[in-house]
Amino acid sequence: MKESGRKQGALSPCAACKLLRRRCAEDCVFAPYFPPDEPHKFASVHKVFGASNVNKMLQELPEHQRRDAVSSMVYEANARVRDPVYGCVGAISSLQQQIHSLQTQLAAAQAEVVHMRMRQFSSSSNTGGAMDMAVDQANMGESLWSC
Amino acid sequence: MPDGFCVYSPCTEKMASSSSYNSPCAACKFLRRKCMPGCIFAPYFPPEEPQKFANVHKIFGASNVTKLLNELPPHQREDAVNSLAYEAEARVRDPVYGCVGAISFLQRQVQRLQKELDAANSDLIHYACSEITTALPAPPGPSSIQSMAPRQRPIDHYDRIGMGNEGGYYEAPAIPTPYNLPWNDNPSGENNAAGGGSNM
């Protein structure tokens, strides 16, 4: 065990232990997720969340969920470093505005589609397709009269 | 606490001292320390909202929050605290994805809406083209295309729905997210995606 522990120490410590200037133990909780060649990843997470908070959060999760948890924390931490006021909540706000705008445009476009269908059906009924128009109107998902 | 004591807005030292005289802020209560005049947490963590600071403390830690607030001008601190509280609550509710789960959900919603909008616009073009086709007289021969009038805008309705470009398609400007999300699958449940407040 000692031998392997020394071997672990001889290998490059993970980015977390490097930054924290401590020995990278064999069972280091950070090592699988913060490789030594990506020092910036742990740096931002440490700055925003703190090493002990990250440690606690990872310890509370089953192993198979830790990688995703680290990825999301890195994302949040980087967003917070770039935007100290809003962090990734700024992105949420922007996306919600975009969704609202798209919903408005979609409603307008769909209303226009219904309008165009009605025009087409009314013009085809003038050429003798009155029964077809009645059937198609019944099938239309959206009625012009139901406001 | 009487309404006159405003401890919710970024306040002056006077307000903070009023707050500490009456009751320590939620942060100092949680940390079991004296709430001093000028306490940096007092304007943003009123004693009536203990959970707010509890979450922020759990996820970010008091000293990180102090450092972050000290680096910001006072007029930005309230928004910063609110966004931290939002992120902390989201992380407490979803320890794996936090509010990144909400971003993922919203991005998928944007993609879905954009697809639907494209389909509706495509339908409109289809109808417009068929109207043009029925409105035009039958061409005498293949060379008739050359002798047609200059290309005109299909129909007025494009102006009505705000589509001004030549191609007839409208694309909502993409909101660039700072980083690519490393996963495409559903996060731990498509739940409470934008819960916790949409107005920042």
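One can find the structure itself at the top, above this paragraph.
The structure reproduced in this document is the subject of the present report. The structure presented is a predicted model; accordingly, all values stated were derived computationally and were not measured.

Considerations on the overall build of chain B
Item 1. Broken down by element type, chain B carries 8 helices and 0 strands.
Item 2. Ordering the α and β elements of chain B from the N terminus gives α-α-α-α-α-α-α-α.
Item 3. Buried positions account for 40% of the 200 residues belonging to chain B.
Item 4. Put simply, of all contacts in chain B between residues at least 6 apart along the chain, 62% involve residues at least 24 apart.

Side note on the nonpolar core
Item 1. One finds A:Phe30, A:Phe34, A:Phe49, A:Leu58, B:Phe41 and B:Phe60 to be the most contacted residues of the largest nonpolar core, which totals 52 residues.
Item 2. Elements with a contribution of two residues or more to this core: α2 (15-20), α3 (39-48), α4 (51-59) and α5 (63-82) of chain A together with α2 (26-31), α3 (50-59), α4 (62-70) and α5 (74-93) of chain B.
Item 3. If we skip the residues at most four places from it in the chain, A:Leu58 touches A:Val29, A:Phe30, A:Tyr33, A:Arg66, A:Ala69, A:Val70 and A:Met73.
Item 4. Grouped together as the second largest cluster of nonpolar side chains are 26 residues, A:Cys88, A:Ala91, B:Cys99 and B:Leu106 included.

Focus on the state of the cysteines
Item 1. A full pass over the atoms with the stated rule returns 0 disulfides over all chains.
Item 2. In this structure A:Cys24 is a free cysteine whose sulfur lies 3.7 Å from that of A:Cys17, the closest cysteine sulfur available.
Item 3. B:Cys25 supplies the cysteine sulfur nearest to B:Cys35, a cysteine that is in no disulfide, at a spacing of 3.7 Å.

A word on the interface of chain A and chain B
Item 1. Listed per partner, the contact involves 49 residues of chain A and 59 residues of chain B.
Item 2. Interface area for chain A against chain B, summed over the two sides, is near 4800 Å², with a carbon-plus-sulfur share of 65%.
Item 3. Counting the contacts that link chain A with chain B gives 2 salt bridges.
Item 4. A salt bridge links B:Glu87 to A:Arg80; the shortest N-O distance between them is 2.8 Å.
Item 5. Where chain A touches chain B, the interface holds 14 residue pairs in polar contact (both at pLDDT 80 or more).
Item 6. Those elements that place two or more of their residues in the side of chain A that touches chain B are α3, α4, α5 and α6 (89-126) of chain A.
Item 7. No other element matches the 23 residues that α6(A) contributes to the side of chain A that touches chain B.
Item 8. Its residues assigned to classes, the side of chain A that touches chain B shows 23 nonpolar, 17 polar and 9 charged.

As for the packing of aromatic side chains
Item 1. The full count for this structure, using the stated rule, is 8 aromatic pairs over all chains.
Item 2. A ring pair is formed by A:Phe49 and B:Phe60, whose centres lie 5.3 Å apart and whose planes are at 10°; its orientation type is stacked. Of this pair, A:Phe49 sits in the loop between α3 and α4 while B:Phe60 sits in the loop between α3 and α4, which puts the two residues in different chains. Each member of the pair, A:Phe49 as well as B:Phe60, carries the same accessibility label: buried.
Item 3. Aromatic ring contacts, followed pair by pair, group B:Phe30, B:Phe41, B:Phe45 and B:Phe53 into a single cluster.
Item 4. Taking NZ or CZ as reference, B:Lys52 lies 5.6 Å from the ring centre of B:Phe45, over its face.

Considering the pattern of salt bridges
All names here are of chain B.
Item 1. Taken as a whole and assessed by the stated rule, the structure comprises 5 salt bridges over all chains.
Item 2. With its nearest N and O atoms 3.5 Å apart, the salt bridge here joins arginine 93 to glutamate 89. Here arginine 93 pairs with glutamate 89, and both are found in helix α5, just 4 residues apart, close to one helical turn.
Item 3. Residue class for glutamate 89 comes out partly exposed when judged on its relative accessible area of 33%.

Considerations on α5(B)
Item 1. Taking 1.5 Å of rise per residue, the 20 residues of α5(B) would be expected to cover 28 Å, and the 29 Å separating its terminal C-alpha atoms lies within 8% of that figure.
Item 2. Among all positions in α5(B), only B:Arg77, B:Ala80, B:Val81, B:Ser83, B:Leu84, B:Ala85, B:Tyr86, B:Glu87, B:Ala88, B:Ala90 and B:Arg91 are buried.
Item 3. Where the residues of α5(B) are buried, they touch α4, α5 and α6 of chain A together with α3 and α4 of chain B.

Here's the deal with the packing of α4(A) against α5(A)
All names here are of chain A.
Item 1. Orientation of α4 relative to α5, taken along the N-to-C sense of each, is 150°, at an axis distance of 10 Å. Where α4 crosses over α5, the two elements pack in a sense that is right-handed. Here α4 contributes Val54, Met57, Leu58 and Gln59 to the contact with α5, which in turn contributes Arg66, Ala69, Val70 and Met73.
Item 2. Residue composition of the contact of α4 with α5, by class: 6 nonpolar, 1 polar and 1 charged.

Some points on the side chain of A:Glu76
Item 1. Structurally, A:Glu76 is set in helix α5.
Item 2. Judged by its relative accessible area of 1%, A:Glu76 falls in the buried class.
Item 3. Not counting chain neighbours up to four residues away, the residues in contact with A:Glu76 comprise A:Phe49, A:Cys88, B:Glu87, B:Arg91, B:Tyr97, B:Gly98, B:Cys99 and B:Val100.

Remarks on the environment of B:Phe53
Residue and element names in this part refer to chain B.
Item 1. Positionally, phenylalanine 53 belongs in helix α3.
Item 2. Through-space distance from the C-alpha of phenylalanine 53 to that of lysine 29 is 9.8 Å; in sequence the pair is 24 residues apart.
Item 3. In this structure phenylalanine 53 touches Ala26, Ala27, Phe30, Leu31, Phe41, Phe45 and Ala62, once residues within four positions along its chain are discounted.

Conventions adopted
- Residues numbered from 1 in each chain as written.
- Chains lettered and ligands numbered in written order.
- Predicted model: local features only at pLDDT ≥ 70, side-chain atom pairs only at ≥ 80, totals over all residues.
- Heavy atoms only, no water.
- Helix = DSSP H or I, 4+ residues; strand = E, 2+ residues; numbered from the N terminus.
- Buried < 20%, exposed > 50% of the residue type's maximum accessible area, 1.4 Å probe, protein only.
- Contact = heavy atoms within 4.5 Å.
- Core = buried A, V, L, I, M, F, W, Y, C linked by side-chain atoms within 4.5 Å.
- Disulfide = S-S within 2.5 Å.
- Buried area = accessible area lost by both parts, 1.4 Å probe.
- Salt bridge = Lys/Arg side-chain N within 4 Å of Asp/Glu carboxyl O.
- Polar contact = N/O pair within 3.5 Å; in protein donor to acceptor, adjacent residues only side chain to side chain.
- Nonpolar A, V, L, I, M, F, W, Y, C, P; charged D, E, K, R; others polar.
- Phe/Tyr/Trp six-rings, centres within 6.5 Å; stacked < 30°, edge-to-face > 60°.
- Lys NZ or Arg CZ within 6 Å of the ring centre and 35° of its normal.
- Expected span 1.5 Å × (residues − 1).
- Axes fitted to C-alpha atoms, helices over the stretch in contact; angles between N-to-C directions.
- Left-handed = near helix turned anticlockwise from the far one by under 90°.

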